[in-house]
Every structure is written in structure tokens, then in C-alpha cells.
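Structural features, examined
Each chain, written out:
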Amino acid sequence: MNECNVSVSNHEEMGYVAGDQNFAVTHNGMTQSASNKNVTMQMAPAKEGEPVVFAITSNAGSVDFPSSKLEIANRADEFNFYDITFSAIGCSHSYSDWNVVKSATYTEAGSKSKTCSLCGDTVTEEIPVLANPVTGYNIVLRDNIGVNFQMNLADTDEVIATVNGTVVSLEKNGNIISVSVAAAQMMDEIAICVNGMPLANTYTVRGYADYILNGDYSDATKELVKYMLVYGGAAQTYFGYNSDSAENLASNGITVVAKVPTGDGKVEMSGKVTGASFYGATLVHETKTTVRFYFTGNLDGLTVTANGGEAVIGAKNNMTYVEVSGINPQDLGTDVVVTVSDGTNTLSISYSPLDYLVRMYNKADSSAAHKALIQALYGYYVSAAAYTA
């Protein structure tokens, strides 16, 4: 219903602004209409003390507004007529429910609107940017290198992680999301999408490492992080991964004492099994520290174990390999034991990642970049062992 604030005195103005509405004023059987402007009509005063009664009717498009009877208290006056101007002070709106015009995301605000069913007025409000579900994060220094994200998630939320724009696998344990990277990817941006919406922030291993190096952490912690970054920079250089300038290296600005691996670097073997011929072992610098034991031919029909458990077996370059991963940096000096048995005889092979580092470092044809990578990984191992001691 439309409302008016009405008081009366000689030549008093009372507002009735109707916008696109047409309206009419009626008093004592006389009606005066107007469109988009004020109405002025002369009214003879009633007897003193009696109210002057008039009505306003209005519409907006096809919407009819009910009549509003307004009374003006009469009083004695020396004039015979009153000139009265009416203006509506506005529609007593009846708004619809909010309609989402644009949904908010983690990077952009949204908007919503509602419309009055009486006059068509529309109100628009902003929907704030969604709160970042990441409540904290830290780097992972176990058998892999990566980032743990602590997140506020619903059971139905779908989470996707990318490293430099490429979708990668992740591990989810309750509200903890873990994303692993290779040693050479410590500078790569890790991005998280929740239900198809990217979060505003991206993360790097180097970024959190800087937080530790500049924070109130122990010397052992900082030493471990420094050697980890040097390992990352050496991996970038060796594999030619984003290593075109020093600023791109994870080790940029980091100084450590180079450490040379020591030991005999030998493989220990005992026993023999027909059809199982050991060829050699290598260290794989992927997201998890991994040792592979290579055999010529295949191991079909034989029982194979790795560190007393079930072995992961694969094939490459016409060879069969037994893969052992999940090796923490402080355990690089611990032997990995692979056994192959035909039920009667058993071949046992013991070899540690440290053995591999020593052997490759001392090879005459090892490149300077390869030796730098070996030294960096060895320094990471020594600092990790000191940190966990």
C-alpha cells in the first residue's frame, strides 16, 4: 500500500513521487489525475474541527494499488481554499526472495537481487568471496617432499591438486590433503581446487621453507631445510628443469657445506636362484625416494620380497625390476633387502641408497652436475639423521 505523510496548512506541499505510476486524487466527488508529476487541487475546508477526507488510487503497469484514505485535520483559517500538493513518499515494498545472480567463488565476489512485486524496484547486494578452506599448511620431509594442507572440508567436497597446472595425485586423511612433488619441483606452484573452484592462493615448498628459515626454529631444523633446498636446486640443474637462471633454483641464496659421501658402495649378495640374474641397482629421484633392483629376464613363478614384505615388480628396457619406495631421508644409509626364492634356493641382495651415492660419485664418468646432485642428497641425508637423532 502506498503511504503519504500529510499535514495541511495554506499552500503546504506534501510529497507523492510515483515514478512511472499513474495516480489520481479524489475529494468530495471531484477527481484529478496526473502522470509522473505532482497533483495540485483546491479543496474547500470543512467545518472547523471536522476532518477533510480524500483518497489516492494508483497503479504501476498492470499492478493496482489499493486506495489509501487519508484525513487532514481541519482548522479555522482566513482562506476559503487550500492549495494541496501530494507526493508519495514511496512504496511499502513487498520483495521476492533473494535470487543469486552470480555465485561467489574463492577468488571473486558474487551478487544477489530481489524485486518488489508492487513497484518493480530491484535491490542488488554483493555476496562475499568464499572463505579460504585452508587453515594451515606445512612441508613434508619424509619419504617424499611436498605440502600438507589442513582444510575445512565437507565429506562431499571434491579436491583436486595441480603442480604448475598439471593435475597430480593427492592423499586425503580426514581434513589433511597431502601433495607430493619431485625434488626438482620445490619452486613449482601447487594449486588447490575445491568443487571445481580454484583457491586464491598458491603454495610452493620453497615458500614454506623460507617461512621456517626466517622464523623461530631450531638450528637443526633450519639446517635440514637448507640441505633440502640445495638438493632441490641440484636436481633442477641435473635434470635441466627450470634451471635457466639462478633465481629459478630452489637453492637460490642458500649456502651449505658440501658433503662427500663415504663408504664402499658395494652390493652384498648371497645365494643363487636359477633364472634370477641380478643386473644392478639404481636410485630414482621421483616424489618418493625409491631404489630399484634390476634383473635380466623375468621373475615369473618365483617368490620375491622387499624388506620382508610384498615386493612391487615392474618392467623396463627388457628387464624386470623390484622397486622399494618410502625411504625417509635419514634412512638412506640403511640397507634395502630383496630376496628371490624358487622354494628351495634363495637369492638375497642388500643395498642401500647411500651405497648407490658412493658408487656413482666415484665413477670416473660422473658429470659435475651428477656429483653435485649426489653431494646435495648426501647432505640432506646427514642433516635429516642429525635432526631425527
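Below you will find a few notes about this structure. Quantities reported herein were computed from a predicted structural model and do not represent experimental measurements.

Rules behind the numbers
Residues numbered from 1 in each chain as written. Predicted model: local features only at pLDDT ≥ 70, side-chain atom pairs only at ≥ 80, totals over all residues. Heavy atoms only, no water. Pairing = 2+ DSSP bridges. Helix = DSSP H or I, 4+ residues; strand = E, 2+ residues; numbered from the N terminus. Axes fitted to C-alpha atoms, helices over the stretch in contact; angles between N-to-C directions. 1 Å grid on protein atoms, 1.4 Å probe; cavity = no way out; pocket = protein on both sides within 12 Å on 5 of 7 lines; lining within 4 Å. Points joined across faces, edges and corners; volume = space filled by probe spheres on them. Salt bridge = Lys/Arg side-chain N within 4 Å of Asp/Glu carboxyl O. Buried < 20%, exposed > 50% of the residue type's maximum accessible area, 1.4 Å probe, protein only. Arc of directions from axis to C-beta. Contact = heavy atoms within 4.5 Å.

The subject of this paragraph is the sheet that holds strand β11 (residues 145–151). As summarised here, the arrangement of the four strands in space is β10-β11-β15-β14, forming an open sheet in which the pairing is antiparallel. Every interior strand has two partners, whereas the edge strands, β10 (134–141) and β14 (170–173), have only one. Recorded for the sheet is a direction-independent mean angle of 20° between the axes of neighbouring strands. Pairing geometry for β10 and β11, over seven bridges, is antiparallel. Residue pairing across strands places V140 opposite G146, the latter belonging to β11.

Attention now moves to the layout of surface pockets. Roughly 270 Å³ of volume is contained in the largest pocket. If you trace the largest pocket, you find 13 residues lining it, with T282, L283, V284, K316 and Y356 closest to the centre. The set of elements that each furnish at least two residues to the lining of the largest pocket consists of α2 (219–239), β19 (277–285) and β20 (289–296). For the lining of the largest pocket, the leading source of residues is β19, giving four residues.

So, on to the pattern of salt bridges. Oppositely charged side chains are able to pair whenever their charged atoms sit close together. Evaluation of the coordinates by the stated rule reveals four salt bridges. Salt-bridge contacts for R292 lead to E323; the nearest nitrogen and oxygen are separated by 2.7 Å. Of the two residues, R292 is situated in strand β20 and E323 in strand β24 (residues 319–324); the sequence distance between them amounts to 31 residues.

Right, let's talk about empty space enclosed by the protein for a bit. The tally for this structure, following the rule as stated, stands at two cavities of 30 Å³ or more. Lining the largest cavity are 17 residues, and of these D143, I145, Y231, E286 and T289 sit closest to its centre. Mapped by element, the contributors of at least two residues to the lining of the largest cavity are β19 and α4 (368–388). The element best represented in the lining of the largest cavity is β19, accounting for three residues.

Inspection of the secondary structure assignment puts N307 in the loop between β21 (303–306) and β22 (309–310). When its relative accessible area of 46% is taken as the criterion, N307 is described as partly exposed. Sequence separation of N307 and T339 is 32 residues, and the distance between their C-alpha atoms is 8.3 Å.

Residues spaced three or four apart along an α-helix point in a common direction, a consequence of the helix completing one turn every 3.6 residues. Listed in full, the buried residues belonging to helix α1 (residues 205–213) are V205, R206, Y208, A209, I212 and L213. An end-on view of α1 places all buried positions within 165° of arc, on one side of the element. For α1, the elements touching its buried residues are β10, β11, β15 (176–181) and α2.

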